[in-house]
Structures are given as structure tokens and as C-alpha cells.
Amino acid sequence: MQNAGIGGVGIGLRREHYGEILQCTRPLDFLEIVPENFVGRGGAPLSLLRRCAERWPIAAHGVSVSPGGGDAFDGDYLAGLAAVLGDCGVERYTDHLCYAAIGGVAYYDLLPLPFCTAAARHTAARIIELSDRLQRPIAVENISFYATMPGSVQDEGDFVREVVERADCGLLLDVNNVYVNAVNHGCDPLEMLWALPTERAVHIHLAGHIREGERLLDNHGAAVGDPVWALYRAVMARHGPIPTLVEWDTAIPALDRVLDEADKARAILQACARQREVA
Amino acid sequence: MIAPEMTAFFAAMAPMLAGRIDAAQVESRLGPSPSGTAALGFYAELVRRNLHKILSDVFPSVRAVCHGDGGEGRWVQLAAAYADAHPGTGADPNLFAARFPQWLATQTGVPAVWTELADYEWTRLIAFHAPDAASDVDGFDVRLFVRQYSSDIPRLAVAALRGEAPGAEVPVLVAVFRHARTAHLGTFRLGAAGLAALARRRGLPLPASLGALSDDAILQAQDALVEAGVLVSAQSPDHRSEPCTHD
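Residues numbered from 1 in each chain as written. Chains lettered and ligands numbered in written order. Predicted model: local features only at pLDDT ≥ 70, side-chain atom pairs only at ≥ 80, totals over all residues. Heavy atoms only, no water.

S.K.: Can you explain the overall build of chain A? Please cite residues and give values.
M.R.: Assigned secondary structure in chain A consists of eight helices and twelve strands. A compact globule built from 279 residues should have a C-alpha radius of gyration of about 19 Å, and chain A, at 18 Å, falls within 12% of that. Each of the three principal axes of chain A carries a C-alpha extent, and together these read 50 × 45 × 40 Å. Split into buried and exposed, the 279 residues of chain A put 60% on the buried side. Within chain A, contacts between residues separated by at least 24 positions form 80% of all contacts whose residues are at least 6 apart in sequence. Computing the positive centroid from 24 side-chain charges and the negative centroid from 37, chain A places the two 4 Å apart. (Helix = DSSP H or I, 4+ residues; strand = E, 2+ residues; numbered from the N terminus. Rg over C-alpha atoms; globule rule 2.2 N^0.38 Å. Buried < 20%, exposed > 50% of the residue type's maximum accessible area, 1.4 Å probe, protein only. Contact = heavy atoms within 4.5 Å. Lys, Arg positive; Asp, Glu negative; His and termini not counted. Charge placed at Lys NZ, Arg CZ, Asp CG, Glu CD.)

Below, the structure written as C-alpha cells:
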């Protein structure tokens, strides 16, 4: 297994690239998996993941654990998740600052919580529990949200800060989500970015979005947009190099095209590192 | 212990996300969304899209034959009715689709072949993802399934995705399996001797209809099943470690 430390720029391990990923000779610093695709499963995908883990560090980014939800965590699933994380040498588990199920019904979506202290306390306590049960540090992602929930009395940045500070966990800073949220809610992207606890960012996500009517949709189905690259540069300039993932999950193109985006991110990240060395 | 305001929040959101109440009713319980009623209600639409996408991804040929029959509307209608009857549970999104074949069989006006296509696609999915550690060496009902269909469903599944005519109805008996060595998915058409070989391997008594088959014919069929990766070789280390009770 590779050294589990995540650095540089990675991409998501997606089914569309299973046939070619092991032949990849281009720069690629780590792979990120959606662990739901592997927990409790076997066969070719798990075998491929193990081979990938021999070559690249693996990051894990869950979508169904529902850190902000009201249901008790599924113990069997967490045991399977811990096994996959251990198998691949994943040091830190990441998920979303959201809920995904209510009363045992799973919605398979990342649903926003009300921005209030009650929700922050509730979610922070569950993140701590999750971290204890997985025996790993956690980082949570700022999600894209299309509506501010009833009961909200804070803005997004204050809410995210309260959660991660109470839980003393990391932030997975999704720069595309910042941009999508800023446009959809009529805010300044940089203001929304710096309202987040970016000093706690341990990973960064970059992705594309599409326009649907008046709304931007965070669908991970396009190249990273120029305004998102601009925000990414701003984060690099303020905080220095942070491990970065390029996500492409809808209308997934050939591996080379995804790696082209990763190359762009790596150039920015490396330029930032050089500037900080000079300074 | 969940704070009362969080309990109230989840209780109000759940029926909206399931499409049973609208966003205005949520706001009447929780207060207004600062983003407006329509934006709040968009979450019910997002959930509907997600559930629809899961079914479309798991059952592409069922969706294709639906299209041929009544257009996308028919598929959307079926997907929505199924989601109402069987909401998603569990972390694995595919599990939302688990009961679709059985549910489809209970729907009036749905041709039997659609149900068989759904069963075939679901069986392939679970064979592909099955855990590696099976209760028996060959992985019966884990990575290896025997199915009898009233039509040539494996061929029809391909034809549906290509938009081709289904062809004549010919019953088929198949093994749907993940290859014992390569882990690739496969479909093996079984004759009487193949069925007998699988039954013997599983330790099941042969029905009278297969009683006339010679041992040679059954062994020959077993060799073919091993060659195709349906069965594990009796000489493999895995198989030797098991008590040899089948043959």
C-alpha cells in the first residue's frame, strides 16, 4: 500500500475509467473514492481499488452517512466503511455538511441543514461520534445549497465555522460550491469564500457546474469554470498549497480530459508553492 | 437526544422530500425559507431526479422498452410509483432498486418481459458487486444465479438498448454469473446437462426429468461450466479446501 499521505492533485476513481486507470502514466498524486461504491462489495471494482491503493494514496469521500441527520448511524455500514478505509490506508474520512436520510428513508442527495446553533451543535456531536467510530479524523464539505432552510438565523459561513469548531474537525473546501452558492444567492463569491473557516481546509474540491434556468446546478458535469479557478487561486495565495481534487461525475469524459483539468490545478498549486518559497 | 427544533425540522422536511406535501406546507410549520417557497420546493424535485436516475442506471433496458411502448412518460410514471411504494433505504443507492423487479410484476399493464428484463439486470448487478467471501466456494446465489426466462432476455436486453426489434419469444435457461477467475460478468446458456451439473455441484437431488442423463454428459457439462468461469475448478485450492460432497 502507498504512503497514505494525501498531497498534490488527484481525481475521483470512477467506473468509466476502471479499464484505463492502471495504465495511466500522467502525473496523478492521489485518487479519491466514493466509499459507498465499495463497502460490502467484492469483485472487480474492489480488486481494482486494491491495486490502485498499491500505487496511489487513496482519499475517501462519503455521500450517504448523513453527518447532520437525525437517524442513528448504521453500525454495520460504519464497520464496512472502516474496513474499506483500513484496507486502502485512508487516513482521514471526508463527508458532507448535510443530511441525507430521515427516519430510515434515504434520499441520495446532499440536503442542507438550517443555519442555526441547534443544527450546528447536533451536527458537531455527530461528527465527533463518527470520528470516534471510524477511528479517524473527519473533514466535512461545504455543500451547494439551493435554498436556505427555514429556521436559519446565521449565514452559511458562520454555520460551517460553528460546526467545524465545535467538532474540531477539518473543512473540505469545495470551491465550486462556493461559486454556485454565491451566484444562486446573489452574493459576492469572495465574501462567501472568506466567510468560511478556510484556515481549517485540509482538502479542496474543484468541479464544473451547469446553468438550469436561473440557477447554477452543481452537477460535476463540466470543466472547471474560470470564476472557480479564480477562487482557487485566491485560496492558494492565502493558505498555500492544499491537496486538491478535480471532480467529474456526470457526463464523464475520457481519463485524459479529467487529467488535463488536474494538470491545470497542479500548475496553480505548484506556482503557489514556488511563490511561498521565494517569499 | 436530538434538539426539538431539529426533530421538528426533519419531521416537516420528510413528507416534502417524498413529494407528499408542498414547500408552502413546510413553511407553514417551520416558518419561511429566506430563499422563497419555490427554491425550498426544488429539493423535492432534486430527490425525484436522483431516484429516477438510480432506476434508469440500474435498469437501462427496461427503460428502453418503456420508451418503445409509451415514451419517457411511461418510465417516469413507473419510477415515481415505485419510489412512492418503496422509498430508498441504506447507504448504497443501488439498494433503492432492489425491489423493483418484484414490484413491476405486480403492476397491471406491464408486460411480463419487462419484469424479466428487470430481474436480469438486477441479477447482473448483484452478481457483479457480490462480496468475495461466499458461503460456498462456487458462490451460488451470491455471484452465480440460475434463471429461467420466458423469452431470450439476455438477447432482448441488448436489442432494447440498440433500439432493435425483440425477436421471437424463445424460453431460455441461463446462468448469470461473475467469472470465477476474471470477475467479468457473463451469461451462460444452460442445457439439461449443465443444469444437472450445477445441481450436483450444489448438492441438490436431480429431478426425475434429468435422471436419464449419463454421468459422462454431466461431467462434460461441468467441465464446460468451469471453462466458462461459471464454476470454480474442482482442482482449485479453494475448492480442495472444502469437503467434497457435491460430486
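Structure shown, so let's carry the discussion forward.
S.K.: So what's going on with the pattern of salt bridges? Which residues, and what values?
M.R.: Applying the stated criterion across every chain yields a total of 28 salt bridges over all chains. A salt bridge links D249 of chain A to R14 of chain A; the shortest N-O distance between them is 2.5 Å. You can see D249 of chain A sitting in the loop between β12 (244-246) and α8 (255-278) and its partner R14 of chain A sitting in the loop between β1 (9-12) and β2 (30-33), a full 235 residues away along the chain. Under the relative-accessibility criterion, D249 of chain A is labelled partly exposed at 31%. Given a relative accessible area of 11%, R14 of chain A falls into the buried group. Residue R201 of chain B pairs with D138 of chain B through a salt bridge whose shortest N-O separation is 3.0 Å. Note that R201 of chain B is positioned in helix α9 (residues 192-201) and D138 of chain B in the loop between α7 (112-129) and β1 (144-149), a separation of 63 residues in sequence. Of the two residues, R201 of chain B and D138 of chain B, neither departs from the other in class, the shared state being buried. Members of the salt-bridge network, linked through shared partners, are R26, D29, D256, D260, D263 and R266 of chain A. (Salt bridge = Lys/Arg side-chain N within 4 Å of Asp/Glu carboxyl O.)

S.K.: So what about the sheet that holds strand β2 (residues 172-178) of chain B? Which residues, and what values?
M.R.: Residue and element names in this part refer to chain B. Spatially, three strands are ordered β1-β2-β3 in an open sheet, and the strand pairing comes out antiparallel. Two strands bound the open sheet, and with one partner strand each, they are β1 and β3 (185-189). Here the strands of the sheet are splayed against their neighbours by 25° on average, with no regard to which way each runs. Bridge count between β2 and β3: five bridges; the pairing is antiparallel. What sits directly across from F177, in β3, is G186. Its contacts with the sheet place α7 against β1, β2 and β3, and it is angled at close to 170° to β1. (Pairing = 2+ DSSP bridges. Axes fitted to C-alpha atoms, helices over the stretch in contact; angles between N-to-C directions.)

S.K.: An account of helix α5 (residues 72-85) of chain B is needed here, citing residue identities and associated values.
M.R.: Residues and elements named next belong to chain B. End to end, α5 covers 20 Å across 14 residues, agreeing with the expected 20 Å (1.5 Å per residue, within 8%). Three or more residues of α5 are buried, namely R74, W75, L78, A79, Y82 and A83. Burial along α5 is one-sided: seen end-on, the buried residues are contained in an arc of 165°. Opposite the buried face of α5, at more than 90 degrees from it, the exposed residues are Q77 and D84. In this structure, the buried side of α5 is in contact with α3 (37-58), α4 (60-70), α6 (100-105) and α7. (Expected span 1.5 Å × (residues − 1). Arc of directions from axis to C-beta.)

S.K.: Before we move on, could you go through the environment of R189 of chain B and cite the residues and values that matter?
M.R.: Residues and elements named next belong to chain B. One can find R189 in strand β3. Between the C-alpha atom of R189 and that of D69, which follows or precedes it by 120 residues, the distance is 28 Å. Excluding residues that lie within four positions of it along the chain, R189 makes contacts with D152, P154, R155, V172, L173 and V174. Only 3.0 Å separates the side chain of R189 from the side chain of D152, close enough to count as a polar contact. (Polar contact = N/O pair within 3.5 Å; in protein donor to acceptor, adjacent residues only side chain to side chain.)

S.K.: I'd like to hear about the pairing of strand β8 (residues 170-174) of chain A, residue by residue, with values.
M.R.: Residue and element names in this part refer to chain A. Burial of β8 is extensive: five of the five residues sit out of reach of the surface. Where burial is concerned, the two faces of β8 agree: the one with G170, L172 and D174 and the one with L171 and L173 are both buried. Examined bridge by bridge, strand β7 (residues 138-141) and β8 share three bridges and lie parallel to one another. Bridging from a neighbouring strand, V140 pairs with L171 of β8. Relative to strand β9 (residues 201-206), β8 runs parallel, the two sharing four bridges.

S.K.: Any chance you could break down the side chain of E121 of chain B for me, citing the residues and the numbers?
M.R.: For E121 of chain B, the position within the fold is in helix α7. For the buried residue E121 of chain B, which engages in no salt bridge, the nearest side chain bearing the opposite charge is R124 of chain B, 6.7 Å off.

S.K.: Outline the interface of chain A and chain B, supporting the account with residue identities and numerical values.
M.R.: Every contact between the two is made by 42 residues of chain A and, on the other side, 41 residues of chain B. Carbon and sulfur atoms make up 66% of the area that chain A and chain B hide from each other, which totals about 3,400 Å². Sorting the residues of chain A by area buried against chain B places R41, Y108 and P150 of chain A first, and these three jointly supply 22% of that buried surface. Counting every contact that joins chain A to chain B gives two salt bridges. Where chain A packs against chain B, one counts 15 residue pairs in polar contact (both at pLDDT 80 or more). Elements with a contribution of two residues or more to the side of chain A that touches chain B: α1 (43-55), β5 (99-102), β6 (105-111), α3 (117-134) and β11 (215-217) of chain A. Among the elements that take part in the side of chain A that touches chain B, β6 of chain A stands out by supplying seven residues, more than any other. Looking at side-chain class alone, the side of chain A that touches chain B contains 23 nonpolar, 13 polar and six charged residues. (Buried area = accessible area lost by both parts, 1.4 Å probe. Nonpolar A, V, L, I, M, F, W, Y, C, P; charged D, E, K, R; others polar.)

S.K.: Before we move on, can you summarise the packing of aromatic side chains with the specific residues and values?
M.R.: Taken as a whole, this structure holds 15 aromatic pairs over all chains when the rule is applied. On the numbers, 5.6 Å between centres and 65° between planes, the contact of F9 of chain B with F10 of chain B is edge-to-face. An identical accessibility class is assigned to F9 of chain B and F10 of chain B; each is buried. Between F59 of chain B and F100 of chain B, the ring centres sit 4.8 Å apart and the planes meet at 35°, which makes this aromatic pair tilted. Within this pair, whereas F59 of chain B is found in the loop between α3 and α4, its partner F100 of chain B is found in helix α6, the two being separated by 41 residues in sequence. Comparing F59 of chain B with F100 of chain B shows no difference in burial state: the two are buried. An aromatic cluster is defined as three or more aromatic residues linked by ring pairs; in this entry it consists of F59, W75, Y82, F96, F100 and W103 of chain B. Here the basic side chain of R238 of chain A rests over the ring of W194 of chain A, its NZ or CZ set 3.6 Å away from the ring centre. (Phe/Tyr/Trp six-rings, centres within 6.5 Å; stacked < 30°, edge-to-face > 60°. Lys NZ or Arg CZ within 6 Å of the ring centre and 35° of its normal.)

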